[in-house]
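Chain residues, written in single-letter form:
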Amino acid sequence: MTYVAAEGRYGPMPYNRTGRSGLRLPAVSLGLWHNFGDDKPIETQRAILRRAFDRGVTHFDLANNYGPPYGSAEINFGHIYQQDFARYRDELVISTKAGYDMWPGPYGEWGSRKYLLASLDQSLRRTGLDYVDIFYSHRFDPETPLEETMGALAHAVRSGKALYAGISSYSPERTREAARILREMGTPLLIHQPSYSMLNRWIEDGLLDALEDEGVGCIAFSPLAQGMLTDRYLDGIPKDSRAAQGKSLDPALLTDEALRHVRRLNEIAQARGQTLAQMALAWALRDSRVTSVLIGASSVGQLDDSLDAVRRLDFSPEELDAIDKDAVDSGINLWAASSDN
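Residues numbered from 1 in each chain as written. Predicted model: local features only at pLDDT ≥ 70, side-chain atom pairs only at ≥ 80, totals over all residues. Heavy atoms only, no water.

Colleague: So what exactly am I meant to see when it comes to the environment of T175 here?
Modeller: Relative to the helices and strands, T175 is located in helix 5 (residues 172–184). Once you skip the residues sitting within four places of it in the chain, T175 turns out to touch I167, Y170, L189, H192, L207 and L211. (Helix = DSSP H or I, 4+ residues; strand = E, 2+ residues; numbered from the N terminus. Contact = heavy atoms within 4.5 Å.)

Colleague: Sorry if this is basic, but what is going on with helix 10 (residues 300–307) here?
Modeller: Within an α-helix, residues lying three or four positions from one another point in the same direction, as the helix has 3.6 residues per turn. Along helix 10, the residues that are buried comprise L303, D304, S306 and L307. All buried residues of helix 10 project into a common sector of 165° when viewed along the axis, lining one side. Packing partners of the buried residues in helix 10 comprise strand 3 (28–31), helix 1 (42–54), helix 9 (276–284) and strand 10 (292–295). (Buried < 20%, exposed > 50% of the residue type's maximum accessible area, 1.4 Å probe, protein only. Arc of directions from axis to C-beta.)

Colleague: Just to check I follow, could you spell out the environment of F60 for this structure?
Modeller: Along the chain, the position of F60 falls in strand 4 (residues 59–61). In this structure F60 comes out as buried when scored by relative accessible area, which is 0%. Separated by 18 residues in the primary sequence, F60 and G78 place their C-alpha atoms 12 Å from one another. In this structure, F60 is in contact with L30, L32, L49, A52, F53, F77, L92, V93, I94 and S95, ignoring residues within four places of it in sequence.

Colleague: Looking at this structure, how should I read the nonpolar core?
Modeller: A general tendency of soluble globular proteins is for nonpolar side chains to be buried together. Ranked by size, the top nonpolar core spans 98 residues in total, and within it L30, F60 and M198 carry the most contacts. Tallying contributions element by element places helix 9 first for this core, with 8 residues. With sequence-adjacent residues up to four places away left out, M198 is seen in contact with L229, L265, L276, M279, A280, W283, I323, A327 and V328. Y100, Y136, I219 and F221 belong to the second-largest nonpolar core, a separate cluster that totals 12 residues. (Core = buried A, V, L, I, M, F, W, Y, C linked by side-chain atoms within 4.5 Å.)

Colleague: Would you take a moment to explain the sheet that holds strand 6 (residues 132–137) for this structure?
Modeller: Strand pairing within a sheet occurs via backbone hydrogen bonds; the two strands may be parallel or antiparallel. Around the barrel, which closes on itself, the 8 strands sit in the order 3-4-5-6-7-8-9-10 with parallel pairing between neighbours. On average, adjacent strands in this sheet sit at an angle of 30° to one another, irrespective of strand direction. Sheet analysis places strand 3 next to strand 10, joined by 3 bridges and oriented parallel. By the bridge assignment, L30 is partnered in strand 10 with I295. (Pairing = 2+ DSSP bridges. Axes fitted to C-alpha atoms, helices over the stretch in contact; angles between N-to-C directions.)

Colleague: What am I meant to see in the pattern of salt bridges here?
Modeller: When the charged atoms of two side chains with opposite charge come close together, those side chains can pair. The final tally for this structure, using the stated rule, is 27 salt bridges. R46 is the salt-bridge partner of E43, the closest N and O atoms lying 3.2 Å from each other. You can see E43 and its partner R46 sitting in helix 1, 3 residues apart, about one turn around the helix. Residue E43 is classed as partly exposed on the basis of its relative accessible area, which comes to 48%. Of the residues examined, R46 reaches a relative accessible area of 10% and is grouped as buried. Note that R55 and D304 form a salt bridge whose closest N and O atoms lie 2.9 Å from each other. Taken together, the positions of R55 in the loop between helix 1 and strand 4 and D304 in helix 10 put the pair 249 residues apart, joining distant regions of the chain. Both residues of the pair, R55 and D304, belong to the buried class. One salt-bridge network, held together by shared partners, links R51, R55, D304, D308 and R311. (Salt bridge = Lys/Arg side-chain N within 4 Å of Asp/Glu carboxyl O.)

Colleague: How should I be thinking about the packing of helix 4 (residues 146–158) against helix 5 in this particular structure?
Modeller: When two helices pack together, their arrangement is captured by the angle between the axes and the distance separating the axes. Two numbers describe how helix 4 lies on helix 5: the axes approach to 10 Å, and their chain directions differ by 55°. Overall, the two elements helix 4 and helix 5 adopt an arrangement that is oblique. When you trace helix 4 past helix 5, the crossing you get is right-handed. Where helix 4 abuts helix 5, its residues L146, E147, M150, L153 and A154 lie against R174, E177, A178, I181 and L182. (Parallel < 35°, antiparallel > 145°, perpendicular 65-115°, else oblique. Left-handed = near helix turned anticlockwise from the far one by under 90°.)

Encoded structure:
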């Protein structure tokens, strides 16, 4: 059946300006890191993407190695895009990234010009797109001059294969340096994509200040701490969970102390009339420097629960104080090595 987007799709979803650019992003964006590889039914993926757009999610975030297997999320998205979303291309922001391992040999990862530009060409072929809206350096490369990495992003924009340049998991110092290099090349840095959640607050120690100073937007990935900030683990580890399957959440992180914090946060969420996930997303958006939060979804129901976070984004000072007591680091930042460089 031919997909026709909901007429009321631009309703309750807020759209926030990305730094000092003219681009607005939805407060909640959809990431395709999990659940869009070949291990998930294509019709489930289609239903999630349709529902997201019907509810005002205009930004879909990819990377070259999302799957499994690598590249399959872009391929699957491309098939669904061509069938359902091609007519809405100018209403969509589609991003992809390169930086982690993608193919064998010395040219298949990190931040060289050869890898980044070859990867972008491959991503465009897999998705069937003429261009992406945002192309990211997925991680800082300590062995490649930053001028080379940023030069590749600037070239991608000048060539028309990307509209904007972004970086992910860069330290505050490297972010300032990257912004300066891109500015001198005539291609302003649009956005930074760091991990950020109530259990992983590293961006509050200098990065948000750097982004504000440089006029760069922020889209927070893993705002639910790989699922810890949901009701999934309040009573143990379900067999079908990420932790049980070894997918990006180490069961060793689910200590009694960590879960005590999570349970107390859940009590605050319940008192606000929200699920824990909804409160966690709203909390990450409490700072105006955070443009958008990037969620994943394995079902339409899970997606709807997350998107309902925008129904209540306000916090009282008392609520924020109570949250701070349990919003503590839980060792969940898998990307610390990149952001520490």
